[in-house]
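Coordinate inspection notes
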Amino acid sequence: MSATSTLLPPASPELLAPAGSPAMLRTALAYGADAIYAGQPRYSLRVRNNDFGKLETLAGAIGEAHSAGRKFYLVSNVLPHNRKVRSYLADMAPVVALAPDALIMADPGLIDLVRENWPEMPVHLSVQANTVNFAAVRFWRKLGIRRIILSRELSLDEVAEIRQECPEMELEVFVHGALCIAYSGRCLLSGYFNHRDPNQGSCTNSCRWDYQLKAADGAAGRIGECHSSKAIASSGEWLLEEKERPGELMPIDEDEHGTYIMNSKDLRAVEHVRRLTEIGVDSLKIEGRTKSSYYVARTTQVYRRAIDDAVAGRPFDAGLLGELEGLANRGYTDGFYQRHHEHERQNYLRGHSESGRSLYVGNVIDWNVARQLALIDIKNRVAVGDRLEIIHPSGNRVIALEHMENRDGAAICVAPGNGHQVWIPLPAELPGAMLARFV
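This text gives an overview of the structure that appears in the document. (Residues numbered from 1 in each chain as written. Predicted model: local features only at pLDDT ≥ 70, side-chain atom pairs only at ≥ 80, totals over all residues. Heavy atoms only, no water.)

**Re the pairing of strand E4 (residues 102–105)**
One face of the sheet, then the other: side chains in a regular strand alternate in exactly this way. Rules: Exposure categories follow from relative accessible area, calculated using a 1.4 Å probe and restricted to protein chains: below 20% of the type maximum is buried, above 50% is exposed, and the middle band is partly exposed. Numbering of helices and strands starts at the N terminus; helices are DSSP runs of H or I of at least 4 residues and strands are runs of E of at least 2. Two strands are counted as paired when DSSP detects at least two bridges linking them. By the criterion used throughout, a crossover qualifies as right-handed when its path from the first strand across the helix to the second strand runs clockwise, the strands pointing away from the viewer.
Alternating residues of E4 divide into Ala 102 and Ile 104 and Leu 103 and Met 105, and every residue in both groups is buried. Here strand E3 (residues 71–76) pairs with E4 via four bridges, running parallel. Bridge assignment links Tyr 73 to a residue of E4, and that residue is Ala 102. What joins E3 to E4 is helix H3 (residues 82–96), and the crossover it makes is right-handed. Pairing of E4 with strand E5 (residues 123–125), which is carried by three bridges, proceeds in the parallel orientation.

If you want it as C-alpha cells, here you go:
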C-alpha cells in the first residue's frame, strides 16, 4: 500500500435477528435487521414459543422478509435420533421449495442429506457444532458449508485469527442473548431432571432454577451467596439442592479454577461491535427466538446503531449500554470475547449501564384523532410524572407523562400494570410505538 493510499472503511456486517413468530419478524425488520432466523419446532432447538410449525406461516414469513429485501435463514439444527432422520427429507422438501436463503444446521448426517438432495441450498453451520479453530472451518468448507457460526467460547483475537486463516469463508458470531453454562448448549441438566433433551429443542432451562448450597455440616445458602473460605474448608463438601426436589442432595466438584454450575449471565457485546466489524465478521447475531417483540425491537435497534456507527467511524455511544439494561436479564457479560477487564473499564461499563436505564411499559394499540390521544396496552406500572422513552423505527424520543386517562376517559394518576389500557398524549405519527419508563 502506498503512503498516499487511504484505508477503506470496514464493510457493514449483517445484523441477524431472531423470530419466534411473524410479529417478531415484522418488528425485527422494522427496527433494522438485515436478516431473520427462525425454525420449525420439530427440527430446531426451539420448540416452545415457536409459531412456525405450519408451512403456510413459514411461507408467509419468508415472503415478508424477501419482499422487504432482507434474508430469511431457516434453523434446522436439531441433533436427531433415527426417527427424525427418517422423516427429515420428506418434511423438508416443501420447506426448501419456499426458498429460504440458507439452512442453519449442526448434524453431519442431516447436512449430508441436504447436500445430496439440494446441492444448491446454502448451509450455515450452527453454533451447536462447536467450531473453535481455523482447521475445523477449513474442514467444513470442503464439505460445501457456506458460513460458520463460531462457538461462543472464542476470544476476539481468536476470531480475528480464524478470519485471517480463512478469508474465503463467511463467519457469524453471537453478540447478544442467553449464554448456556454448557459448551455451546451441549447440556444434560434438563434431560436429567425432566427427561427433556436440550439437543431436541425442549430444554427446561434447569440451570436457572432456584438452588441452594448445603454443606455436609448443615450450613446452607443460595447460589451466588458468599461463603467464607474458612466455612468451606471446615465442611469439606458442598451439596446442591433444587427447590422442587427437597432432600435430593447432589455433590459439587471443584478444581483450582472454581465450580462450573448453574446460571450464566447474559451476553452483551455491543461495546465490541467496532472490533468485530474491523475483523471482518460477516454477521452479528442476536439470540432470543423465545423472547418478546419488545426485546427484539430494543436489541435490533441498539445493534443497528452500533454497526452503523462502527462503519461510519463514529465513536462508540456508551448510552447504548443503558438501553439494553432495561431488558429482562440475569446480569450482563461480554462472555469470552475479552477474558479480563481492567478495573477502570468495569466501572465504565457499569456506570453507563445504570444511567439511562429504562423499563418496558407497553405498546401503542390505537389513536384517537379527535382527542389527540394514543391508547396504550400497559404491561408494567406507569404514573403521571414519569419520564418516558417512545421507541419507534423512525427514531426514539423522550417525553414527560403529564396526563393519563383510563379506558373510559377518566383522569388517573397511575396504571398499576398488566391488564390496563390507558390514553396518553402522543403524536399520531408513531403507530405501533413501544414505551419504556426511565428509572
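**Digging into the packing of helix H5 (residues 134–142) against helix H6 (residues 156–165)**
To keep it simple, the criterion reads: Axes, fitted as lines to C-alpha atoms, cover a helix only where it is in contact. Angles between the N-to-C directions of the axes lie from 0 to 180 degrees. Oblique is the label for every angle not falling under 35 degrees (roughly parallel), over 145 degrees (roughly antiparallel), or within 65 to 115 degrees (roughly perpendicular). It is the rotation of the near helix from the far one that decides the hand of a crossing: anticlockwise by less than a right angle makes it left-handed, clockwise makes it right-handed. Note on contacts: a residue pair is in contact if any heavy atoms of the two residues lie within 4.5 Å. In this classification, the charged set is Asp, Glu, Lys and Arg, the nonpolar set is Ala, Val, Leu, Ile, Met, Phe, Trp, Tyr, Cys and Pro, and all remaining amino acids, among them Gly, are polar.
It is at 9 Å that the axes of H5 and H6 come closest, and there the two elements cross at 45°. Judged by the angle between their axes, H5 and H6 are oblique. Crossing angle aside, the handedness with which H5 passes H6 is right-handed. Facing Phe 134, Val 137 and Arg 138 of H5, the residues of H6 in contact are Glu 161, Ile 162 and Glu 165. Counted by class, the contact of H5 with H6 contains three nonpolar, no polar and three charged residues.

**Looking at the nonpolar core**
Quick reminder of the rule: Think of a nonpolar core as a cluster: buried Ala, Val, Leu, Ile, Met, Phe, Trp, Tyr and Cys residues, connected wherever their side-chain atoms sit within 4.5 Å.
Among the nonpolar cores identified, the biggest contains 90 residues, and Ile 36, Phe 72, Ile 148, Leu 150, Val 173 and Tyr 303 are the most heavily contacted of them. With nine residues, the top contributor of residues to this core is helix H10 (residues 293–312). Not counting the four nearest positions on each side in its chain, Tyr 303 is found in contact with Leu 15, Val 175, His 176, Arg 268, Ala 269, Val 270, Val 273, Ile 286 and Leu 324. Residues Ala 374, Val 382, Ile 424 and Leu 426 belong to the second largest nonpolar core, which totals 17 residues.

**What to know about unusual backbone geometry**
The phi dihedral of Asn 130 is positive, around 60°, even though this residue is not glycine. Secondary-structure assignment places Asn 130 in the loop between E5 and H5. Relative accessible area serves as the criterion here: at 17%, Asn 130 is assigned to the buried category. Its identity as a non-glycine residue notwithstanding, Gln 372 has a phi of 55°, on the positive side. Position of Gln 372 relative to the elements: it lies in the loop between strand E15 (358–368) and strand E16 (373–378). Judged by its relative accessible area of 45%, Gln 372 falls in the partly exposed class.

**Here we look at the sheet that holds strand E20 (residues 405–406)**
In a beta sheet, neighbouring strands are held together by backbone hydrogen bonds and run either parallel or antiparallel to one another. Pairing is antiparallel in the open sheet, where seven strands are placed in the order E19-E18-E23-E15-E16-E22-E20. Either end of the sheet is taken by a strand with one partner, and the two such strands are strand E19 (397–400) and E20. The sheet contacts of H10 involve E15, strand E18 (387–391) and strand E23 (434–438), and relative to E23 the element is tilted by about 75°.

**Focus on the pairing of E15**
Where E15 and E23 come together, five bridges link them in antiparallel fashion. Looking across to E23, one finds that Leu 359 is bridged to Arg 437. Note: E15 against E16, six bridges, orientation antiparallel. Each bridged residue has a counterpart across the sheet, and for Trp 367 the counterpart in E16 is Ala 374. Linking E15 back to E16 in an antiparallel pair, the connection comprises four residues, with Gln 372 at a positive phi of about 55°.

**Examining H6**
Filter applied, for reference: The arc in question is formed by the directions pointing from the helix axis toward the C-beta atoms.
Restricting attention to buried positions, one finds in H6 the residues Leu 156, Val 159, Ala 160, Ile 162 and Arg 163. Down the axis of H6, the smallest arc covering the buried residues is 160°, so these residues share one side. Within H6, the exposed residues directed more than 90 degrees away from the buried face are Asp 157 and Gln 164.

**Points about the packing of aromatic side chains**
We apply this condition: Each Phe, Tyr or Trp ring (for Trp, its six-membered ring) is paired with any other whose centre lies within 6.5 Å, and the angle between the two planes then decides the class: stacked below 30 degrees, edge-to-face above 60, tilted in between.
This structure, assessed with the given rule, holds four aromatic pairs. Between Phe 52 and Phe 72, the ring centres sit 6.5 Å apart and the planes meet at 80°, which makes this aromatic pair edge-to-face. In this pair, Phe 52 is assigned in the loop between strand E2 (35–39) and helix H2 (55–67) and Phe 72 in strand E3, connecting sequence segments 20 residues apart. Neither Phe 52 nor Phe 72 differs from the other in exposure class; each is buried. Ring centres of Phe 139 and Trp 140 lie 5.2 Å apart, and the angle between their planes is 75°; on these two criteria the pair is classed as edge-to-face. When its relative accessible area of 45% is taken as the criterion, Phe 139 is described as partly exposed. Residue class for Trp 140 comes out buried when judged on its relative accessible area of 10%.

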